[in-house]
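Below, each chain spelled out in residue letters.
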Amino acid sequence: KGSSLKRLHLTGNRIGPIGVRAITEAMMGDGGESSTDRDGSLDVEMHPPLDTLSLDLPAGVQELFLAGTGMGPSGCASVARMLETSKTMRIISLANCDIGDIELSALAASIKNNRETLPLEALHLSFNKITCKGLDSLMNAIWGSHTIRELLLDNNKLGDRGAEQVAAILPNVKTLEVLDVGFNSIKSGGMR
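Residues numbered from 1 in each chain as written. Predicted model: local features only at pLDDT ≥ 70, side-chain atom pairs only at ≥ 80, totals over all residues. Heavy atoms only, no water.

A. Fine view of the sheet that holds strand S3 (residues 91–93). With parallel pairing, six strands are arranged side by side in an open sheet as S1-S2-S3-S4-S5-S6. The open sheet terminates on both sides in strands that have one partner only, identified here as strand S1 (7–9) and strand S6 (178–180). Within this sheet the neighbouring strands show an average axis-to-axis angle of 5 degrees, counted without direction. One ladder, built from three bridges, connects S1 with strand S2 (residues 63–65); its direction is parallel. Bridged to Arg7 within S2 is Glu63. (Pairing = 2+ DSSP bridges. Helix = DSSP H or I, 4+ residues; strand = E, 2+ residues; numbered from the N terminus. Axes fitted to C-alpha atoms, helices over the stretch in contact; angles between N-to-C directions.)

Shown next as C-alpha cells:
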C-alpha cells in the first residue's frame, strides 16, 4: 500500500499463475484471498514513468513485464481482469506466455470494455500461439484506439488472414508507431 512503484519487470521469472496473483495483490495492498480469486485473478492498476507523469493520472503501476513467467491460462485471465479496471496501465508485456486464441479473446474483451479509461500504449504479445482467430478479437478491441503506439505480434501463427486483419484496422489506429508481425508465415497475399 502506498508504494510509488511505477514499473515492474518480472520477465523470465517462472512465477506462474499463483505468483502473478501474489504480486498483483501486493501491489494493490490486498493480501487476502477469496474463493473467486483462486484462479489467479489479477486486479492491479498501472502507472506511467516519471518522464510522462501527469498530475491527472491516479497512482499505480504503469508498466508490467510478465514475459516468460509461466502464468498459464489462469494467469492470463488474471491479467484480463486487471485490464478491465485499470486506469493507469500503459505498457504490458505478455511475450512467451503460451497465449492462444482463447486467452487473447479474454484480454481483448477486457481492453475493449475499458477502452475509455485504459491508457494502453504498448502491448507485447510476441512468441505466443496466436492465430487469425484470436487476432480478430484483438483488432476489434484496439480499432479506433487513441493511445496504442506499439503492438508486437511477432513469432505467432497469424498467416495471411492475420495480416489482412491487421491491415484493416491501420487506417483507424492513427497513434500506432511500431508494428511487428515478423515470423508469422505471412506470404505474398498477406503482404499485399
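B. Molecular detail of the nonpolar core. Ranked by size, the top nonpolar core spans 38 residues in total, and within it Leu94 and Leu138 carry the most contacts. Only helix H2 (72–85), helix H3 (101–113), helix H4 (132–142) and helix H5 (159–169) provide two or more residues apiece to this core. If we ignore the near neighbours within four places in the chain, the residues touching Leu138 are Leu104, Ala108, Ile111, Leu123, Leu125, Leu151 and Leu153. (Core = buried A, V, L, I, M, F, W, Y, C linked by side-chain atoms within 4.5 Å. Buried < 20%, exposed > 50% of the residue type's maximum accessible area, 1.4 Å probe, protein only. Contact = heavy atoms within 4.5 Å.)

C. Fine view of H4. Buried within H4 we find Gly134, Leu135, Ser137, Leu138, Met139, Ala141 and Ile142. Packed against the buried residues of H4 are H3, strand S4 (122–124), strand S5 (150–152) and H5. Backbone geometry just downstream of H4 places Gly144 in the positive-phi region, at approximately 80 degrees.

D. Here's a closer look at unusual backbone geometry. At Phe127, a residue that is not glycine, the phi angle is positive and equals roughly 55 degrees. Along the chain, Phe127 falls in the loop between S4 and H4. Notably, Asn155 is not glycine yet its phi reads approximately 60 degrees, a positive angle. Note that Asn155 resides in the loop between S5 and H5.

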